[in-house]
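Each chain is listed here by its residues.
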2 protein chains.
Amino acid sequence: MPDRSRYHHGALRDALVDAGEALARAEGLEGVTVRRIAAACGVSAAAVYRHFPSGDHLIAAVAQRAREIMARDMFARLDAAVDKPPIDRLREVGESYIAFALAEPRLFSLVSMPMTTPPDRPDDPNAADLVRDIVLELEPPGAVDEQRVASRMMLAQASAHGLAVILRDFVPDPQARAMLIAGVLDRVGVGLEA
Amino acid sequence: MPDRSRYHHGALRDALVDAGEALARAEGLEGVTVRRIAAACGVSAAAVYRHFPSGDHLIAAVAQRAREIMARDMFARLDAAVDKPPIDRLREVGESYIAFALAEPRLFSLVSMPMTTPPDRPDDPNAADLVRDIVLELEPPGAVDEQRVASRMMLAQASAHGLAVILRDFVPDPQARAMLIAGVLDRVGVGLEA
DNA sequence: GCATCGATGTGTACACTGTCAACATGCCGG
DNA sequence: CCGGCATGTTGACAGTGTACACATCGATGC
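Residues numbered from 1 in each chain as written. Chains lettered and ligands numbered in written order. Predicted model: local features only at pLDDT ≥ 70, side-chain atom pairs only at ≥ 80, totals over all residues. Heavy atoms only, no water.

1. Quick notes on the relation of the copies chain A and chain B
Put simply, the rule reads: Least-squares superposition aligns the copies on the C-alpha atoms of those residues with pLDDT at or above 70 in both. Any pair of residues with heavy atoms lying within 4.5 Å of one another is described as a contacting pair.
The operation relating chain A to chain B is a screw motion whose rotation component is 180 degrees, with 0.0 Å of axial translation and a residual RMSD of 0.0 Å. In short, the pair behaves as if placed about a two-fold rotation axis. Both copies present the same face, since 100% of the interface residues in chain A are matched by interface residues at the equivalent positions in chain B.

2. With respect to the protein's contact with DNA strand D
Stated formally: We call a residue near a molecule or strand as soon as one heavy atom of that residue lies within 4 Å of the molecule or strand. Distance and chemistry together define a polar contact, namely a pair of N or O atoms within 3.5 Å, with one atom able to donate a hydrogen and the other to accept it when in protein, and with adjacent residues in sequence counting only for side-chain atoms on both sides.
Taken together, 25 residues form the shell around DNA strand D, and within it A:S44, A:R50, A:H51, B:R35 and B:G55 come nearest. Sugar and phosphate atoms form 52% of the subset of DNA strand D atoms that lie within 4 Å of the protein. In this structure, a phosphate oxygen belonging to DNA strand D sits 2.6 Å away from a main-chain N or O atom of A:S44. B:T33 places a side-chain nitrogen or oxygen 2.6 Å from a sugar or linking oxygen of DNA strand D.

3. Things to note about the protein's contact with DNA strand C
Under the convention used in this document: The secondary structure listing takes helices from DSSP runs of H or I that are at least 4 residues long and strands from runs of E that are at least 2 residues long, numbered from the N terminus. Asp, Glu, Lys and Arg are counted as charged, while Ala, Val, Leu, Ile, Met, Phe, Trp, Tyr, Cys and Pro are counted as nonpolar; the rest, among them Gly, fall into the polar class.
Surrounding DNA strand C, one finds 25 residues, the nearest of these being A:R35, A:G55, B:S44, B:R50 and B:H51. Expressed as a percentage, the sugar and phosphate content of the atoms of DNA strand C within 4 Å of the protein is 51%. Here a phosphate oxygen of DNA strand C sits 2.6 Å away from a polar atom, N or O, in the side chain of A:Y49. Within the side chain of B:H51, one N or O atom sits 2.6 Å away from a phosphate oxygen of DNA strand C. With three residues, the single largest contributor to the surface near DNA strand C is helix α2 (residues 34-40) of chain A. Its residues placed into classes, the surface near DNA strand C shows ten nonpolar, nine polar and six charged.

4. Topic: the domain arrangement of chain A
All names here are of chain A. Going by this rule: Segmentation into domains, and thus their bounds, comes from an automatic or database assignment. Two parts placed together each lose some accessible area; with a 1.4 Å probe, that loss summed over both constitutes the buried area. For salt bridges, the criterion is a side-chain nitrogen of Lys or Arg within 4 Å of an Asp or Glu carboxyl oxygen.
Each assigned domain of chain A is listed with its residue range as follows: domain 1 (1-51) and domain 2 (65-193). Summarising the inter-unit geometry, the C-alpha centres of domain 1 and domain 2 are found 31 Å apart. In this assembly, eleven residues from domain 1 lie in contact with nine residues from domain 2. Buried area between domain 1 and domain 2, summed over both chains or domains, comes out near 830 Å², and the portion from carbon and sulfur atoms is 55%. The largest contributions to the domain 1 side of the interface with domain 2 come from E21, R25 and L29, which together make up 55% of the buried area. Counting across the domain 1 and domain 2 interface gives three salt bridges.

5. So, the packing of helix α3 (residues 55-79) of chain A against helix α4 (residues 86-103) of chain A
All names here are of chain A. Short version of the rule: Angular values range over 0 to 180 degrees, each being the angle between N-to-C directions of two axes fitted as lines to C-alpha atoms, with helices fitted over their stretch in contact. Note on convention: the crossing is left-handed when the near helix lies turned anticlockwise from the far helix by less than a right angle, right-handed when the turn is clockwise.
Packing of α3 against α4 leaves a shortest axis separation of 9 Å and a crossing angle of 145 degrees. As for the relative orientation of α3 and α4, their crossing is right-handed in sense. Touching A66, I69, M70, D73, M74, R77 and L78 of α3 are R89, E92, V93, E95, S96, Y97, A99 and F100, all from α4. Of the residues assigned to the contact of α3 with α4, the class counts are nine nonpolar, one polar and five charged.

6. Observations regarding the interface of chain A and chain B
Taken together, the contact pairs 31 residues of chain A with 31 residues of chain B. Between chain A and chain B lies a buried interface of about 2400 Å² when both sides are counted; carbon and sulfur atoms form 76% of it. Summed over the three residues of chain A that lose the most area to chain B, namely A:M154, A:I166 and A:R187, the buried surface amounts to 28% of that side. Counting across the chain A and chain B interface gives zero salt bridges. Seen at the junction of chain A and chain B, the total is eight residue pairs in polar contact (both at pLDDT 80 or more). Considering every element that reaches the side of chain A that touches chain B, the biggest residue donor is helix α7 (residues 146-170) of chain A, with 18 residues. Taken together, the residues of the side of chain A that touches chain B break down into 19 nonpolar, eight polar and four charged.

Written out as C-alpha cells, the structure is:
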C-alpha cells in the first residue's frame, strides 16, 4: 500500500506488476488496463510510461510474472520427483501446466500470450528449457537425435497447452477434467516413448 | 459494394460479417472493431446494433464464419480420403487445422476464441463432431468405451490446437514447421491407437 | 393510391481506453 | 546548499463500445 503523502512512489515498477497480476487474477485480460493498474497503485496513468515504453510492455511484464509463478510450481513438483524416470517427470510438468491453467484461468491467458517483450532475465530457466532437459534424458547416451528431441518437446508442450485451453474453455466439470487429463497424458506418454 | 445512394443497405448483416472477415485477415483481432467494420460497409457504427446485440456478438459471428471456412477444407480433404483408415483421416483433419492456422494466422485467432455466442445453425457439423465420428470408428464394434473415445478426441484436438498455436507463435521457419508437424503427428498417431 | 407503422439507418453523446507534451516535485551528488 | 535528473501530475487527443433520440424507407391495410 503506497504512502500517498509522498509525491514519489519509490518502487512503482514492481507495484505496477503486482497490481496487474491481481487485476488479471480477478478480471482477466479485459480488466488489465493501464489506467486501472495505475489507479490501483494510487498513481496517474502517465506515470506508467516512466517505467514501461508502452502499456503492452507492462502487460508483458505481468505475463512474465505469471510464467514465473507457474515455473515455481513446476520446480517444486520436480524436486519431489527427482528419482522418477524422465517420462514421469515430463508428466509432472504437464500436470503442473494444466493445473495452473485451471486454477488461475485468467492469469493463464497471459501466460499463453506470445512473448512480445524479451524476459527481464533471459537466463532464467523457462518451461521450454525445462522440458528440453528432461526430453534429452530420453535419448540414448552419446547419440542425440535433434529431430527426435524436437518432436518430443513439441508433442509434450502442444498437448499440455491444447488440453489446458480446451478444458478451461469447454469442460467445466472437475471430474470430467481429471478423467481427461489422466487419459490424454497416458496416451501422450505412449507417443513420447515411440 | 453497397449502393450508398440508398439510405437502407439491404443486406447489412452479411456485409458486416464479410467486412469483419476481411479485416481480421488483414490486421488480426486488434483491427476488428465495430466502428471500422461499419465504416468498411459505408454505414454508421450504431447501425451494427440493429443486427447484433453487441460488438462481441459481431466478432463471434466473424469467428463462426472463420470456423466454417476451416471446416470446408477439412471436408474437402476427407472427401479425398474416404478410403483411408480412420487414423489417417484423423491426421488429415489435424493437418487441415494446422495448415489453416499457419496460412491465416490472424483469422485463426478468431477460430480459437471460446464461442461466446451459439452458432447460427447448431446442427451444422463442427470440427468436434467430425473428430468424434472418426474416433468412433476406432472402437471395437458393439463395445464403445465412452471414456476411451473422449480421451482420444481430446488428444487429437489438443495436440492439433497446441501444435498450431506454438508453430504460429514461435516457429517462423516453414521447413522446421513441416518437420515438426510430421514428427508430432506421427507420435500422436501412436498415442491415439494405444 | 395513399397513409401509417415497423425495420433499419444516422447523429450525437458518454465513459472508457492508450499515449503524449508540458509542467511539478523531490532526492542525491557536487 | 543547490542544481540536475528521475519520477511524478495534468490535460489533451484520438479511438473504442454503446445508448438514445431522430430520420428514412418498404411494405401492408384501407
